[in-house]
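Structural overview
If you want the building blocks of each chain, they are given just below.
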Amino acid sequence: MDSQICALAERVARLEKANRAMKVIVTVTVLAMAAMTSTPQLLAKTVKKMAALDAETITTQRINLVNGAGQIVAVLGTSGNSSAGLVFVDALGRWLLALGANQNGNTSSAGLAVYDGNTIQPGNGVIRAAVGINAQGAGLTALDGKGNPALVSGVSADGTSAGSDVMDSNGYSRAGFGNAANGSGFFAGDSNNVTRYVAGVAPDGTEAGTVTYDATGKPQLELGGAGDGSANGMLALDGTGQDRFDAGYTSAGGGGALVKDSSGNVIWFAPPAE
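Per chain, residues are indexed from 1 in the order of the written sequence. Residue-level local features of this predicted model are given only where pLDDT is at least 70; pairs of side-chain atoms are given and counted only at 80 or more, and the full residue set underlies all totals for whole chains, interfaces and linings. Note that water and hydrogens are dropped before the side-chain values are worked out from all heavy atoms of the structure.

1. Side note on the overall build of the protein chain
Threshold: Each helix corresponds to a stretch of at least 4 residues labelled H or I by DSSP, and each strand to a stretch of at least 2 residues labelled E; elements are numbered beginning at the N terminus. Throughout this description, buried means an accessible area under 20% of the type-specific maximum (1.4 Å probe, protein chains only), exposed means over 50%, and partly exposed covers the range between. Should any heavy atoms of two residues lie within 4.5 Å, those residues are counted as being in contact.
When its secondary structure is counted, the protein chain shows two helices and 20 strands. Evaluated residue by residue, the protein chain yields a buried proportion of 36% over its 274 residues. The long-range fraction of contacts in the protein chain, counting pairs at least 24 apart against all pairs at least 6 apart in sequence, stands at 24%.

2. Let's talk about the side chain of serine 156
For the record, the criterion: N or O atoms within 3.5 Å of each other form a polar contact, as long as, within protein, one can give a hydrogen and the other can take it, and as long as residues adjacent in sequence are counted only when both atoms are side-chain atoms.
Mapped onto the elements, serine 156 comes out in strand β10 (residues 149–156). There is a polar contact of 2.8 Å between the side chain of serine 156 and the side chain of aspartate 158.

3. A look at the side chain of aspartate 238
Checked against the element boundaries, aspartate 238 lands in the loop between β17 (231–237) and β18 (243–250). There is a polar contact of 2.7 Å between the side chain of aspartate 238 and the side chain of threonine 240. Every residue in contact with aspartate 238, bar those within four places of it in the chain, is listed here: Pro219, Arg244 and Ser262.

4. With respect to the environment of serine 169
The topology assignment puts serine 169 in the loop between β11 (162–167) and β12 (173–180). Given the relative accessible area of 55%, serine 169 is considered exposed. Sequence separation of serine 169 and glycine 145 is 24 residues, and the distance between their C-alpha atoms is 9.9 Å. Setting aside its immediate chain neighbours within four residues, serine 169 contacts Asp144 and Asn148.

5. Observations concerning the packing of aromatic side chains
Under the convention used in this document: A pair of aromatic rings is counted whenever rings of Phe, Tyr or Trp (Trp by its six-membered ring) have centres within 6.5 Å, and the orientation is called stacked for planes under 30 degrees apart, edge-to-face for over 60 and tilted otherwise.
The full count for this structure, using the stated rule, is two aromatic pairs. Ring geometry for tryptophan 95 against tyrosine 115: centres 5.2 Å apart, planes inclined by 80°, an arrangement best described as edge-to-face. A residue pair is termed long-range when its members are at least 10 positions apart, and tryptophan 95 in strand β6 (residues 95–102) and tyrosine 115 in strand β7 (residues 109–115) qualify at 20 residues. You can call tyrosine 115 buried: its relative accessible area is 7%.

6. Considerations on the confidence of the model for the protein chain
Rules: The score called pLDDT rates the predictor's confidence residue by residue, from a low of 0 to a high of 100.
With 78% of its residues at a pLDDT of 70 or more, the protein chain shows a mean pLDDT of 82. Confidence drops under pLDDT 50 across residues 15–55; counting only partners more than four residues distant or on other chains, this segment forms 96 contacts.

Printed below as a string of structure tokens:
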């Protein structure tokens, strides 16, 4: 029975690893997307003169769109040889929305960003939400008033993994969930950037489990079970990682429990019922 419980705990650990891998994929996607949003900012600061004009085609590197009063409401332009974008501004020239594309070999990307500090939302002119796509995948993020990501979501380019991550003002992941080829999972962390809870399920539904952790990140309690209900169990561990109380059930062998000392020696047990 003890070996079956340990096997379940091992499976939970694998699910946790898969869930954390998903989080990395999402983060990489959003970081790439955030880099992409710099393209329209460069465009708005680039002032170019008109190169050519005829009755049918305008060839230029910048166009200012104005309203009936002559105020600029949007700027369309290019930057360098690979970037193009469109920026919308309010009556005072403060950014509202920017969209752009950067076509530069393997680093090509496209996206859209919205800003505060304008007639729509008070603030300091920082990006508050963005969505983008690149070779790694697609993602979206919402940011706080200081420009720190608060909510990140993404999907890999091949669609095999996707997830969301909620972060605090320090940039620490506080909660997240995702799905990948090797399972689906959820995690929660504390303000010290320590994962405190993980739950996961195998992709075919054959196994599922949870793990809680102490403030140092060491496992405290592990629970797991087979999808068909034929086996389930739990481990309670001390601060050194030694399991001190084990309990479980199998349809073939019945249920049982045991207690161990700090060295792992069994000091009490309750055998399966006859």
